[in-house]
Amino acid sequence: MALSLLAGLSILVLGESHLTIRGSLIESLHDELNKQGAAVHSIGACGASAQDWLVKKTVDCGADRTGTGKAVVRGPDATTTPIGQLIATDKPDLVVLVIGDTMASYDKEAFPKTWAWQSVTSLTKAIAATNTRCIWVGPPWGTPGGQYKKNDVRVQLMSRFLSTNVAPCDYVDSLAFSKPGQWTTTDGQHFTVAGYKSWGAAIAKAIAASDSAKAVARTGAKPAAAAVIPAAPGARK
Amino acid sequence: MIHLSSRLRRAALAATLLAAPFASAHAADVALYPTGPSEDSSFVRFVNTGDTSISLEATGSKAILPLPPSKPASDFQPVAANKALVGAFILGTQRAPIDVTVKPGEFATVFGLVSAKGELSTKVVRELPEDFNALRASLAFYNLDSTCTQAGLKPAGRDVALFENVPNGEAKRRFINPVALSVQLVCAGKPQGAPLALGSLAPGQRYSVFAVPATGGTRVFFTNDALTN
């Protein structure tokens, strides 16, 4: 079996509610990256949009998982942690951001483009300032309707917007991984375990094939902060 | 940002999330959270078009923002949409009132104009961006000089239009490749003044070139459209 490009890399995965539920990406994506030999730290924060990772913000729920340990799922004591602090602590070779559904304004007529631009670029600039490579994973298809009012037209718009605005991060287009409605959701937006398994596997494959992973593999991984990455201070609460 | 939070609901949510391991992803139990703001972001900046210092005074706080010719444009500052911003430009004993309301998603530029007779006035020019792009530079051209008709910009030394026919009191914006660039102002089809070096434009950055009235013709200057941190 060929050695994965990700072997030996330290990867910090941040995201929204898709990383907070047991059976979600905090298990499927995290496990896939682990399997490829990466040292992974995943943090999910319900409802967190890009700019929320510049500050410490209390959210309704969250989860934190390090290495091969189990995910620690949190309730209303969950917080985000500023990206600069996370990068300084973890010293990741790659930062992976799974953010999209929290910024698409599915339930609003107008897409808040200016806000999204400000929010996304604030986070990408903060990551770029640390000279850390990053990969932004866009939103997947959901099921039209549901409590979040997710819909195909807006998710396509959100994905297009991210694809042209996340540079210097690489963009991973989750819409290419499935057909609309192919992965079953429970509420229009969040998937069943099978859906999260498919999405997680597809993301991990895309990360391994990304320019960022190739660049890091070419230049060598940074000295890892530790074999077992400590949980972020904000996530320990 | 969290619309439906209450202690009771949060406690119930926590209990749900901390329950026994699930056989399936219990996504239905995830809190309902907003997927974006209730209103798009809006920004305003202030620009001195003259060659003497003016200042901006905010009504209420009485905060003063100096706008010297050496730094004639403020950064874009986030403001609440659909709420009037009231203040005044000040030049000596003259005060030109400012009363501007910015729509969601808009970038408004409030100019302080000093006429040849030394009279101070204001002009608001609004931009509602069609798109953003982190891979290209975004350049706007504002024409504030009524004597510059069919105002436009060309890359210096080339007969290609970057902007053309920008009416007085209006602005146009476009994406360009992030390269080193000098621009030449054109009024009524003829070059005006010397080329203006913009330096190396960076991808994802936004810039503005302003054409303003000046003694002996139209003057141009430019700024990076930075946002206040």
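Residues numbered from 1 in each chain as written. Chains lettered and ligands numbered in written order. Predicted model: local features only at pLDDT ≥ 70, side-chain atom pairs only at ≥ 80, totals over all residues.

1. A word on the overall build of chain A
From N to C terminus, chain A includes seven helices and seven strands. Along the chain direction, N to C, the helices and strands of chain A fall in the order β-α-β-β-β-α-β-α-β-α-β-α-α-α. Computed over the C-alpha atoms, the radius of gyration of chain A is 16 Å, within 12% of the 18 Å expected from 2.2 N^0.38 for a compact globule of 237 residues. For the C-alpha atoms alone, the extent of chain A along its principal axes is close to 45 × 40 × 30 Å. Counting only residues that meet the buried cut, chain A has 59% of its 237 residues in that class. Long-range contacts, defined as pairs at least 24 residues apart, comprise 77% of the intrachain contacts of chain A with a sequence gap of at least 6. (Helix = DSSP H or I, 4+ residues; strand = E, 2+ residues; numbered from the N terminus. Rg over C-alpha atoms; globule rule 2.2 N^0.38 Å. Buried ≥ 20, exposed ≤ 12 C-beta atoms within 10 Å, placed from the backbone. Contact = placed C-beta atoms within 7 Å.)

2. Re the overall build of chain B
Along chain B, the regular secondary structure elements total one helix and 16 strands. Out of the 229 residues in chain B, the part that is buried amounts to 34%. When contacts within chain B are restricted to residue pairs at least 6 apart in sequence, those whose partners lie at least 24 apart make up 59%.

3. Concerning helix α3 (residues 113–128) of chain A
Residues and elements named next belong to chain A. The end-to-end C-alpha distance of α3, which contains 16 residues, comes to 22 Å, matching closely the 22 Å that a straight helix rising 1.5 Å per residue would cover. Among the 16 residues that make up α3, 12 are buried, leaving the element largely enclosed by the rest of the structure. Buried residues of α3: Lys 113, Thr 114, Trp 115, Ala 116, Trp 117, Gln 118, Ser 119, Val 120, Thr 121, Leu 123, Thr 124 and Ile 127, and no others. Structurally, α3 contributes buried residues whose contacts are with α2 (83–90), β5 (94–98), β6 (133–137) and α4 (152–165). (Expected span 1.5 Å × (residues − 1).)

4. Some points on α4(A)
Residue and element names in this part refer to chain A. Over its 14 residues, α4 runs 20 Å from end to end, which matches the ideal 20 Å to within 8%, given 1.5 Å per residue. Every buried residue belonging to α4 is among Arg 154, Val 155, Met 158, Ser 159, Phe 161, Leu 162 and Asn 165, and all of these are buried. Along the axis of α4, the buried residues cluster in a sector spanning 160°; they form a single face. The inward-facing, buried residues of α4 contact α3, β6 and β7 (170–172). (Arc of directions from axis to C-beta.)

5. Points about the pairing of strand β1 (residues 42–48) of chain B
Residues and elements named next belong to chain B. Here β1 lies mainly inside the structure; seven of its seven residues are buried. Bridge analysis of β1 against strand β4 (residues 77–79) gives three bridges, and the strand direction is antiparallel. Note on β4: the bridge partner recorded for Val 44 is Gln 77. Here β1 runs beside strand β7 (residues 107–114); their pairing, made up of six bridges, is parallel. (Pairing = 2+ DSSP bridges.)

6. Thoughts on the packing of helix α1 (residues 25–35) of chain A against helix α5 (residues 193–208) of chain A
Residues and elements named next belong to chain A. Here α1 crosses α5 at 35°, and the two axes come no closer than 8 Å. Crossing of α1 over α5 shows right-handed handedness. Contact residues: Leu 25, Ser 28, Leu 29, Glu 32 and Leu 33 in α1; Tyr 196, Lys 197, Trp 199, Gly 200, Ala 201, Ile 203 and Ala 204 in α5. Across the contact of α1 with α5, the residue classes tally to eight nonpolar, two polar and two charged. (Axes fitted to C-alpha atoms, helices over the stretch in contact; angles between N-to-C directions. Left-handed = near helix turned anticlockwise from the far one by under 90°. Nonpolar A, V, L, I, M, F, W, Y, C, P; charged D, E, K, R; others polar.)

7. Topic: the domain arrangement of chain B
Residue and element names in this part refer to chain B. For chain B, the domain assignment lists domain 1 (39–128) and domain 2 (132–229). One C-alpha centre belongs to domain 1, the other to domain 2; they are set 20 Å apart. Breaking the side of domain 1 that touches domain 2 down by element, the ones donating at least two residues are β1, β7 and β8 (120–127). Of the residues belonging to the side of domain 1 that touches domain 2, the class tally is eight nonpolar, three polar and three charged. (Domains from an automatic or database assignment.)

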